[in-house]
Amino acid sequence: MASVETPSRSDAPPAVRLRGIGKRFPGVIANDDINIDVARGTIHAIVGENGAGKSTLMKILYGVQPPDSGTIEIDGAAVTLGSPADAIKAGVGMVFQHFMLADNLTVAENVVLGAERLHGIGAAAREEITRISGSYGLGVDPDRLVEDLGVGARQRVEILKVLYRGARIVILDEPTAVLVPQEVDELFDNLRELKAEGLSVIFISHKLDEVLSVADEITVVRRGTTVTTVDPAGVTARQLAELMVGSELPSPSTESSTVTDEVLLSVRDLTLPDPAGGRPLVDGVSFDIHRGEVLGIAGVEGNGQAELVETIMGMRDGATGTVELAGTDLSGRSTGQRREAGIGYIPEDRHRHGLLLDSSLWENRVLGHQTRRPSVSHGLVDRAAARADTQRIIEAYDVRTPGPEVPARALSGGNQQKLIVGREMSGDPVLLIAAHPTRGVDVGAQAAIWDHVKNARRNGLAVLLISADLDELIGLSDRIEVILRGGLVGRFDPSEVTPEDLGSAMTGAGSDAPREEGSP
Amino acid sequence: MSAPAVARTPAPRVRRRSPYTYLAVVVGLLVAVSLLEVVTGADDLTSSGTISATLVATVPIALAALGGLWSERAGIVNIGLEGMMILGTYGAGFFGYHYGAWAGVLGAILLGMVGGLIHAVATVIFDVDHIVSGVAINIIALGATQYLASRTFVGLPGGGSTQSPTIPSLPSLTIAPVSDGLQGLEQRNVFVISEVAAVVRALTTNLSALTVIGLLLVLVTYLVLWKTTFGLRLRSCGESPVTAESLGVAVLRYKFVAVLISGAMAGLAGGFLAMVASSNYRDGQTGGRGYIGLAAMIFGNWRPGGMLAGSGLFGYTQTLGLRSGRDSVHALLLAVAVLALAVAVLQLRRRHVRAAIGFAVAGVVVGAVYFAIDEVADDFTRMTPYVITLLVLGLFSQRLRMPAADGESYRKGSAG
Amino acid sequence: MSGGRVRRLLLGAAAPVLALVAAILITSLVLLVAGDPVLDTWSTILSAPRERNVANIINNATVLYLSGLAVAVGFRMNLFNIGVDGQYRIAAFAAAVVAGEAWLPGYLNTVLAIVVAMAVGAAWAGIAGLLRATRGVSEVISTIMLNFISTSLVAFLLRKAAVRAPGSNSINTKEIPEGSRIPGIPFGGGVVEIYGFVVLAVLSGLAYWFVLNRTRFGFDLRATGQSTTAAVASGINVRRMIVIAMLISGAAAGLVGLPILFGDAYSYGSTFQSGLGFSGIAIALLGRNHPVGIGLGALLFAYLNEQSNPLQILVGVSPEIVAITQGVIVLTVVVSYEVVRRYRRRLEQQAVAAATDRPERPAPTEEVAT
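All values reported here derive from a predicted model rather than from experimental measurement.

Rules used in this analysis
Residues numbered from 1 in each chain as written. Chains lettered and ligands numbered in written order. Predicted model: local features only at pLDDT ≥ 70, side-chain atom pairs only at ≥ 80, totals over all residues. Heavy atoms only, no water. Helix = DSSP H or I, 4+ residues; strand = E, 2+ residues; numbered from the N terminus. Rg over C-alpha atoms; globule rule 2.2 N^0.38 Å. Buried < 20%, exposed > 50% of the residue type's maximum accessible area, 1.4 Å probe, protein only. Contact = heavy atoms within 4.5 Å. Areas by Shrake-Rupley, 256 points an atom, 1.4 Å probe, with all protein chains shown as cover. Axes fitted to C-alpha atoms, helices over the stretch in contact; angles between N-to-C directions. Left-handed = near helix turned anticlockwise from the far one by under 90°. Nonpolar A, V, L, I, M, F, W, Y, C, P; charged D, E, K, R; others polar. Pairing = 2+ DSSP bridges. 1 Å grid on protein atoms, 1.4 Å probe; cavity = no way out; pocket = protein on both sides within 12 Å on 5 of 7 lines; lining within 4 Å. Points joined across faces, edges and corners; volume = space filled by probe spheres on them. Phe/Tyr/Trp six-rings, centres within 6.5 Å; stacked < 30°, edge-to-face > 60°. Lys NZ or Arg CZ within 6 Å of the ring centre and 35° of its normal. Domains from an automatic or database assignment. pLDDT = per-residue confidence, 0-100. Salt bridge = Lys/Arg side-chain N within 4 Å of Asp/Glu carboxyl O. Patch = residues over 30% accessible without salt bridge, like charges linked within 9 Å, V, L, I, M, F, W, Y side chains within 5 Å.

This next bit is on the overall build of chain A. When its secondary structure is counted, chain A shows 18 helices and 22 strands. Computed over C-alpha atoms, the radius of gyration of chain A comes to 25 Å, within 12% of the 24 Å expected from 2.2 N^0.38 for 520 residues, which places it in the range of a compact globule. The principal-axis extents of the C-alpha atoms in chain A amount to approximately 70 × 50 × 45 Å. Counting across all 520 residues of chain A, residues that qualify as buried make up 57%. For chain A, contacts bridging at least 24 residues in sequence account for 69% of all contacts bridging at least 6.

Scanning chain B from N- to C-terminus turns up 16 helices and two strands. Its C-alpha atoms give chain B principal-axis dimensions of about 70 × 65 × 40 Å. In chain B, which comprises 416 residues, the share counted as buried stands at 53%. Surface accessibility of chain B: about 17,300 Å² in total, with carbon and sulfur atoms responsible for 67%.

Right, let's get into the packing of helix H2 (residues 48–73) of chain B against helix H12 (residues 289–299) of chain B. Residues and elements named next belong to chain B. In contact at an axis separation of 7 Å, H2 and H12 are set at 65 degrees when each is read in the N-to-C sense. In terms of crossing hand, the pair formed by H2 and H12 is right-handed. Counted together, Pro 60, Ile 61, Ala 64, Ala 65, Gly 68, Leu 69 and Glu 72 of H2 and Arg 289, Gly 290, Ile 292, Gly 293, Leu 294, Ala 296 and Met 297 of H12 form the full contact between these two elements. A class-by-class count of the residues in the contact of H2 with H12 yields nine nonpolar, three polar and two charged.

Once that is clear, we can look at the sheet that holds strand E14 (residues 320–325) of chain A. Residue and element names in this part refer to chain A. Spatial strand order, E12-E11-E14-E15: four strands in an open sheet with antiparallel pairing. Unpaired on one side and paired on the other, strand E12 (282–290) and strand E15 (328–329) mark the two borders of the sheet. Relative to E12, strand E11 (residues 263–272) runs antiparallel, the two sharing six bridges. Within E12, the position partnered with Val 267 by the bridge is Phe 287.

Our focus in this paragraph is empty space enclosed by the protein. This model, assessed by the stated rule, comprises five cavities of 30 Å³ or more. Along the walls of the largest cavity sit 16 residues, with Tyr62(A), Met94(A), Val162(A), Arg165(A) and Leu247(B) positioned nearest its centre. Secondary structure elements with two or more residues in the lining of the largest cavity: strand E6 (92–95) and helix H6 (151–164) of chain A.

Residues and elements named next belong to chain A. Within E11, seven of the 10 residues are buried, which leaves the element mostly enclosed by the surrounding structure. Note: E11 against E14, five bridges, orientation antiparallel. Note on E14: the bridge partner recorded for Leu 265 is Leu 325.

Inspection of the entire model under this criterion finds 19 aromatic pairs over all chains. Measuring from centroid to centroid gives 6.0 Å for Tyr222(B) and Trp226(B), while their planes differ by 20 degrees, and the two rings are stacked. One end of the pair is Tyr222(B) and the other is Trp226(B), both in helix H8 (residues 209–227) and four residues apart, which spans about a single turn. The exposure class assigned to Trp226(B) is buried, which follows from its relative accessible area of 10%. Taken together, the ring pairs in this structure connect Tyr90(B), Phe94(B), Phe95(B), Tyr99(B), Phe153(B) and Tyr281(B) into an aromatic cluster. Its end group placed over the ring of Tyr266(C), Arg181(C) keeps NZ or CZ at 3.8 Å from the ring centre. The ring of Tyr337(C) has Arg288(C) sitting right over it, with the charged end atom 4.4 Å from the ring centre.

Moving on to the domain arrangement of chain A. In terms of domain boundaries, chain A breaks down into domain 1 (16–245), domain 2 (262–342 + 462–510) and domain 3 (343–428). Spacing between the C-alpha centres of domain 1 of chain A and domain 3 of chain A amounts to 39 Å.

Residues and elements named next belong to chain B. Per-residue confidence for chain B gives a mean pLDDT of 85, with 93% of residues at or over 70. Here helix H1 (residues 19–40) stands out as the element of chain B with the lowest mean pLDDT, 75, in contrast to helix H11 (residues 251–275), whose mean of 96 is the highest. Note on residues 1–15: pLDDT is under 50 here. Beyond four places in sequence and across chains, it has 41 contacts.

This next bit is on the sheet that holds strand E7 (residues 169–173) of chain A. Residues and elements named next belong to chain A. Pairing within the open sheet is mixed, and its six strands lie in the order E6-E7-E8-E3-E9-E10. Strands with a single pairing partner mark the edges of an open sheet, and in this sheet they are E6 and strand E10 (225–230). Here the average twist between neighbouring strands, direction ignored, is 20 degrees. Here E7 runs beside strand E8 (residues 200–205); their pairing, made up of five bridges, is parallel.

Moving on, we get to the pattern of salt bridges. Residue and element names in this part refer to chain A. The final tally for this structure, using the stated rule, is 46 salt bridges over all chains. Between Asp 189 and Arg 192 there is a salt bridge, and its shortest N-O distance comes to 3.5 Å. Placement of the pair is Asp 189 and Arg 192 together in helix H7 (residues 181–196), with a separation of three residues, close to one helical turn. Under the relative-accessibility criterion, Asp 189 is labelled partly exposed at 46%. What makes Arg 192 partly exposed here is its relative accessible area of 36%. The salt bridge partner of Asp 389 is Arg 365, with a shortest N-O separation of 2.6 Å. Taken together, the residues span a long stretch of sequence, with Asp 389 in helix H14 (residues 383–396) and Arg 365 in helix H13 (residues 361–366) at a distance of 24 residues. Arg 365 carries the same exposure label as Asp 389, and that label is buried. One connected set of salt bridges, linked through shared partners, spans Glu 293, Arg 479, Glu 481 and Arg 491.

Residue and element names in this part refer to chain B. Together, Leu 348, Val 353, Ile 357, Val 361, Val 365, Val 369 and Ile 373 make up an exposed nonpolar region whose accessible area comes to about 570 Å². Of the residues forming the nonpolar patch, the biggest block, five residues, is contributed by helix H15 (residues 353–372). Using a relative accessible area of 32% as the deciding quantity, one classes Ile 373 as partly exposed.

Structure (structure tokens):
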């Protein structure tokens, strides 16, 4: 692994030069002394953990937020980017992670919005869109409504939007997060085409293998600051990961097996139809989890993991199939009844599904346990008992807070998550469902949460673990099932499987025909 | 509940209708109403008097609905329309009396815009909940006009704390040859032909300039919102302000302007009530028309054409109710019954069995009511727009398409 | 923590005081522009009310309080019940008919009428709840529509059920027999009386507080109001909660017209007071959905209503000026609460940062989306 100087392709100034960029929010330093050079005609990747400050950096470069300190140079000239309009004028275009498209407008309307001066909003604009679409092979029809487009097509509309404005510098924020492998390949082809045309691409990601395959240079960001810039030819994914984390990677490792013969969770033919009429979101899923067993579910995001969990939790209407917990049939029961039957649930999105952000910690302790002691008895909330039990969780799970009266919003992500884990374990569950339990938490909390999952397993719980982090899955699971397009497509033994094996199973490589756009 | 990476099946949908479709609908309506007259003997359904009155009743509703459309297309819910209309009625009374008819029109617009300004400052700048702000504006507007009326109209000839002096009237248009020439034809009661004659007569007899302006504003609104850069940007603020901001659209400014225009439209609607539908400002003149406008906008699925149709429908029922139209409204019941049964058949063909049964039952019930009673009380005529809107919302809520970010708060810097 | 408690109390009081001051300033500006005497107006409004006026204020506040409670129940669940106005009128009409018919003797009749009022109010609001829960129809729009429908419906039914008092233009339902009326409570040395219904209003406030803050049901309701998604994940049946919350809100709305009906008017007529539902929205906002806050808000509004009455006679200012004040309060109270909330949140984050050993990234808020 070698730190490299900016490769001197020519004497021309770099397309983008950032020096000493800093940005603070109340109580947080999001960026601190960021230095990056992006050469013209290259793909420059910026990698870092969730919360390392990549997105803030990109918002600064796209003029969404002004930096508190530092300078930005584009093609050698210092610029001040006070708004996206300034950035566009300077030739910077951005493809956001969450698509910036208005669903109820046509492709053409979405593309010309904000750039009406170039070619108007009528026929001339449509012609130009068709031309660009043709010359980069984007295949975009200007007259379709965006809401009728699939994910890949939406992303191409986003890229077209940027090109339409004549951008020379294209930023893509986590562009592959929502794509299936074939779409990722298509995207990379498109990016290489842009590069060939002399455009500079800034590619933000935390998927290291993708970064290594497509980037010309890689800058690592950690805790809001640039650590180093490396040449992809000289590093491995593991080395990059260690640069991102700043220390030896903690990797979860399971102790000796505690798996028993006793089936605790039995799922049979679970199917969730698509309310929009497409392919089922969960498609005939069957599996068992035994006492003391961790079942890991691997899959590319958006292949039905979230729906599977929510169906098991009884949060989705219209599901068929059976869910049996410790011999009790839960099918047709409500979410509340399933929780009472002994399911603990660590949801994927803790802000939306796990917490009442403006309520105190002890009220959050009650959430999901409204029907059980100690927090509730005889239909009344027992505030003293709830407070006391929250205090117990705070101590047992090392939740850093002044006390149980603080609103959940004030806690850091890791501490919020530790509170949720403590709460879900407090109901003496039989089954623990953990969806991306360490997503967006700091390394310290990550290790603690891994320990809690292992404890749960040791204490004889069945654990269903969903994660996008393959190391986490391999390290914690007793068995791994791969989910693809709503169905389980492969079973692996974590002691033998490599991340590469899992990766190809997750993408359905070699097994099924590639998914076609817009067809069910 | 994360967004699936799975492409959704494109739902084929009819998006654009040609002008001929609208023409066909109008002609179809005329034929249907003519038939209804023949069957029920309710002759007043399409007299030129009814149509003129319908026009006068429709325009203020349509203007209020336009006010709603402008605001909601930019993502700001406006239930303060009623209050802005009230301010408009006062503006017309005050400025119209002191400075002449056209000044009255301007005054109505101006006062409506004051209401719009309050709403814009509250919702756009201070991020106050749109509904809360709307409620507040309705309270403030009512209090302010009553306060101002007793401050400014007491002691003037014909004026008082609850009404203004008479406002000079606006010019109106009569094309005598056409109007008189068609009178005979209309009275001869020839199937459909007489109905057409009545419509033409209504449009050529004593047509107020403000009526023409009001109808033109519907067209202008359509052109501005759907055919110009300004309109595209404004609509993008209502569909996805984050997107708009990421593309350099000054979202807050567009929202602000949209709410001001909304206030102007609602103010003009109030002005119309004071100057055309009546001849002075009166306390309580709006009578909830701001809300009917809101209903018409929802009925019209946030589109100018649909909104005009809704306004026309509500204006028509209102007119029939006022023109001692107990018979007329009664006759309409038959139309509703037949229509419901027709929709039931249509739904059955599409194999929507539950919907079909629902419509069939509704049709039979309404039909039974038609034969059971001889006339419909005014109270029921008055609640028609509201009941229709509830039904539309309840039955077709899945088909309605309000601006995606309507009513949501937005603060600068949310992009990304 | 006593220092913290004092600060919390001060912060809690800061918002309404700020709002009130702003509203008074804006109203003064209107008076100034219109050329009315500003100081005379305020000194009239702020002069000490006489016993009779105090009784009127309490009576008016009783009615407004119930209206505020009805709206607040919805607010706690993030439901905007604009329809309290229609609900209380149709409920009061139903109660008046039942009480007037006097099928039961004495106070049994009263109880029956109250139950009927609550049921009718609940049913009327329940329509909006059902539309929201099953069809996703915004309760704001549906309750607006239902308000107008109830106006026409009541007018129609009133004509069917009414008896015309000889020599009067207005039509009314049958008078409630004396034995079923709710007696007033002597006030201020027995010269004047206040509504006996005051007791019931206070009990309603207590029930509201207890149910929302102490029971599991209240917890579910508040949790759903804060985050529908978290509520679903925690096992709350959100659709059912929407319907139930609207039913409760409607039932409370059903009580709004009753103090007037049983303590003053004794029949429902075409001139029965309307518009109380909209004041309720303002008062619930002002009182921050807290039962005591709503009480203070109701007293404030009632005070303004009563004290503005003599304005016309004493200083020649139209009393409608207080409507402007009341409307402006609605806006300023929302803004000032938001300002205080942001300030408080920053304090809390600092407190947490100070309490934890090492600095950590707080959870992203809207401002710090990563």
